[in-house]
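Observations on chain architecture
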Amino acid sequence: MEEECMVDESGIKTIVPTPEKAASDFSIVKRSKAWYMVALMSLCYGIGELSHFLVGTTSRVMSQDLEYGDQSCLRNSSIPEQLGGGNTTCSEYLQQETCDSVLTNLTNGSSICQWDYNGMGIEYQILAGPSFILAFSIGGLLIGALADRYNRVVILATSTIVFSACTVVMGTAQEVWQLIFLRFGVAFGESACQPVSASLVMSLFPQSLHGAALGLVNWGIYFGYGLSYVVGNYIPPLDILGQGWRWAYYLSGIPGFLFAALLLLTTSDPRSLAASKKDDILPLEAERSSKKDKEIESKSICNTAWINLSFFLHPFVILLCLGACFRHTAGFSWAYNSQLYFDYYYPGTDVGMWLFSVSIVGGSSGILIGGAVSDRIVKRTGLHARAWVLAASQTIASPFAAGVLLLPPPYCFASLLIAYLFAEMWFGVLFAILIELVPASACSFVIAVFLFVMNNVGGNVPVIITPISKTMGYRETLLLFYPGFFLISAALFGIMGIALRKSNIDRKNSQSVVQKCES
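Presented here is a report on the structure given in the accompanying data block. (Residues numbered from 1 in each chain as written. Predicted model: local features only at pLDDT ≥ 70, side-chain atom pairs only at ≥ 80, totals over all residues. Heavy atoms only, no water.)

So, the packing of helix H7 (residues 152-170) against helix H9 (residues 193-204)
- Where H7 contacts H9, the two axes come as close as 10 Å, and the packing angle between them is 155°. The orientation of H7 relative to H9 falls into the category roughly antiparallel. At the point where H7 passes H9, the crossing takes the left-handed sense. When H7 is examined against H9, the residues Arg152, Ile155, Leu156 and Phe163 are found in contact with a partner set consisting of Cys193, Val196, Ser197, Ser199, Leu200 and Ser203.
- Considering only residue class, the contact of H7 with H9 consists of six nonpolar, three polar and one charged. (Axes fitted to C-alpha atoms, helices over the stretch in contact; angles between N-to-C directions. Helix = DSSP H or I, 4+ residues; strand = E, 2+ residues; numbered from the N terminus. Parallel < 35°, antiparallel > 145°, perpendicular 65-115°, else oblique. Left-handed = near helix turned anticlockwise from the far one by under 90°. Contact = heavy atoms within 4.5 Å. Nonpolar A, V, L, I, M, F, W, Y, C, P; charged D, E, K, R; others polar.)

Here's the deal with the environment of tyrosine 346
- As for its placement among the helices and strands, tyrosine 346 is situated in the loop between helix H16 (338-345) and helix H17 (352-381).
- We classify tyrosine 346 as buried; its relative accessible area is 18%.
- Placed 63 residues apart in sequence, tyrosine 346 and proline 409 show a C-alpha to C-alpha distance of 8.1 Å.
- If near-sequence neighbours (up to four positions away) are discounted, tyrosine 346 is found in contact with Tyr341, Leu407, Pro408, Pro409 and Arg475. (Buried < 20%, exposed > 50% of the residue type's maximum accessible area, 1.4 Å probe, protein only.)

Quick notes on the packing of helix H18 (residues 384-406) against helix H19 (residues 411-423)
- Put simply, H18 and H19 touch, their axes get as near as 8 Å, and they point 160° apart. Comparing the axis directions of H18 and H19 gives the class roughly antiparallel. Seen from above, H18 lies across H19 with left-handed handedness. Here Ser393, Gln394, Ile396, Ala397, Phe400, Ala401, Gly403 and Val404 of H18 come into contact with H19, specifically with Cys412, Ser415, Leu416, Ile418, Ala419, Phe422 and Ala423.
- Looking at the contact of H18 with H19, its residues break down into eleven nonpolar, four polar and no charged.

Brief notes about the nonpolar core
- Counting residues in each nonpolar core, the largest one holds 134 residues, and the members touching the most others are Trp334, Leu430, Phe431 and Phe450.
- When neighbours within four sequence positions are excluded, tryptophan 334 is seen to be in contact with Tyr225, Tyr341, Phe342, Val404, Leu405, Leu416, Tyr420 and Tyr482.
- Formed by six residues, the second largest nonpolar core is a distinct cluster that contains Cys73, Cys90, Val102 and Ile112. (Core = buried A, V, L, I, M, F, W, Y, C linked by side-chain atoms within 4.5 Å.)

Remarks on the state of the cysteines
- For the structure shown, the criterion picks out one disulfide.
- One disulfide bridge connects cysteine 73 with cysteine 99, the sulfur atoms lying 2.1 Å from each other. The chirality of the disulfide connecting cysteine 73 with cysteine 99 is right-handed, given an S-S dihedral of about 90°. You can see cysteine 73 sitting in strand E3 (residues 71-75) and its partner cysteine 99 sitting in helix H4 (residues 96-99), a full 26 residues away along the chain. (Disulfide = S-S within 2.5 Å.)

Some details on the packing of aromatic side chains
- In total, this model carries 25 aromatic pairs according to the counting rule given.
- When the centroid spacing of 5.7 Å and the interplanar angle of 90° are considered together, the rings of tryptophan 245 and tyrosine 249 count as edge-to-face. Tyrosine 249 carries the same exposure label as tryptophan 245, and that label is buried.
- Consider the rings of tyrosine 341 and tyrosine 345, whose centres lie 5.0 Å apart with planes at 50°: the pair is tilted. (Phe/Tyr/Trp six-rings, centres within 6.5 Å; stacked < 30°, edge-to-face > 60°.)

Here's what the structure looks like:
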């Protein structure tokens, strides 16, 4: 895509797409094939997110098997619930001696409670957050740079194979450090999903469909996240071949190999198709273009990266990233603690199907509606409308997110459904804004840097939830990090919308002045 760099009256340099869109490879790929590719990208992303969040829903059973993390007084699972007791009572006992002495005349001398690993603690927070985010961030930068130069379909398929293989092998872990090591592989492979998919969407669809297409790609996030509650809650109790939680990882990794094979065998990178078509029609021009490409490729990679990084440092992109950091922190704070929250405050509640259904219905609907709505509004009012959709959706979602933590089941799940419906509009709309702010030649790299910053903040900040909760309470800490950060992100997205609108008005005024001078 060719761009013109303009400086508005406020001195802010903006990137304005010209009518000639070299990146419009979507003219080469049939629309039905393009949507098929989007569906495959979404499925790959979904399996990646299933692997990502599975550690949260299997945390307790893994910690009890591998013996890591914090210990506390829990209900003795060997005693039927009808005989009394439960975690709500057991959690009141803070010492192992008193915990193991909670007896009733119905349990034949056995304690209702037992002192065991609860799945929480700094080891879990490191396993869930920093160990994933470190590899995810580094992988995103490397793969984002590669995706701007090499075949994106091959990169995505290879990455899917990597995280699928690591997920399967996680089921064989015997120590917590082995889980952390394999978690690096899962994160590195999944880091390709967002930058490569966004870059492909830009090549497959016109601007008017970017929001909807990215919404469908990101639907995989909520499919995988929701599925992690089903797999994590219902597969370990089946104790398949006596291996408990391990089969949750075996079954989660296998589908990724199938989706990777379909990508390689049934799809092609539209950028490669465009180059091939050009070679067939204009061989002489293609030869000149090939020489030019080799000259460009011979440039210093560091110099190219620095040029691309300058697009990330644009004030609009920085402001968008700041809002995304708060929003991502809110999402991870809930995602990493939702299962543990219900285990702690509402033990015995069957949350698997509730959280799966709410995630799939609310999250999927939110992200698809957000993309479609922003696509319609942006046609009428401009790019700033997408930022206003972000601000409005997060503002509306905040009180319902608070309701999740203040209401008991099943009312909290109804509140969560509404919260997801609005809150999850953000992801597709966010990246629709981003890919329209930067040139196509730098798209994958800028998205990778954006994700590097967003994921390092959003994925690592929730680690402090554990120490803070010991001071102000677990529920109160989640109220601060979940609905509280929604509101902060909404304010930043609103400022972004105002800035984009002002820039658009100033640019139109400057263009009208130029036209008058020319006439």
